[in-house]
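As a plain string of letters, each chain reads:
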Amino acid sequence: MPADNEEYTRLLEEMVEQTIADLRSLVDDLRLLKAGLEETLEEFKRQLFGTKSEKTKTSQADAAVETEDPASKTTVKEHTRAKKKKQQGMNAMQTSLSVMSLYLSRTKTAAVRTAMRK
């Protein structure tokens, strides 16, 4: 322990000033971390919910894309789409199906019913 009170007081003041400086540095670091996490959260929200009819905040990257020179965009050649053939409905399906008939004797039918019940 220091010999006189003045030196002791000076050491305490230095310790308090150092602690305050450390805490201010910690607060600055935490503010940067918070800002980064909020930005990440907003990005996740955009990915999860997507852009809808509601008004959304535009980021600087989105604004840069919107102000891009229109001459740098390319035009895609048009094409005609082939129409699908109309289906005839159930009639076409029924004619393509084959019919199979099974004839069982009464004894075999009874045996099948008994087996199905078990």
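Residues numbered from 1 in each chain as written. Predicted model: local features only at pLDDT ≥ 70, side-chain atom pairs only at ≥ 80, totals over all residues. Heavy atoms only, no water.

**Student:** Tell me what's going on with the confidence of the model for the protein, and back it up with residues and numbers.
**Tutor:** The share of residues in the protein with pLDDT of 70 or more is 47%, and the mean pLDDT across the chain is 75. Element-level pLDDT for the protein is lowest in helix α2 (residues 60–66), with a mean of 58, against a maximum mean of 94 in helix α1 (residues 5–49). (pLDDT = per-residue confidence, 0-100. Helix = DSSP H or I, 4+ residues; strand = E, 2+ residues; numbered from the N terminus.)

**Student:** I'd like a description of the pattern of salt bridges, backed by residues and values.
**Tutor:** Should their charged atoms come close, side chains of opposite charge can pair. Here the structure, examined in full by the defined rule, presents four salt bridges. Residue K34 pairs with E38 through a salt bridge whose shortest N-O separation is 3.7 Å. A residue pair is termed a helical-turn pair when its members lie 3 or 4 positions apart in one helix, as K34 and E38 do in helix α1 at four residues. In this structure E38 comes out as partly exposed when scored by relative accessible area, which is 43%. (Salt bridge = Lys/Arg side-chain N within 4 Å of Asp/Glu carboxyl O. Buried < 20%, exposed > 50% of the residue type's maximum accessible area, 1.4 Å probe, protein only.)

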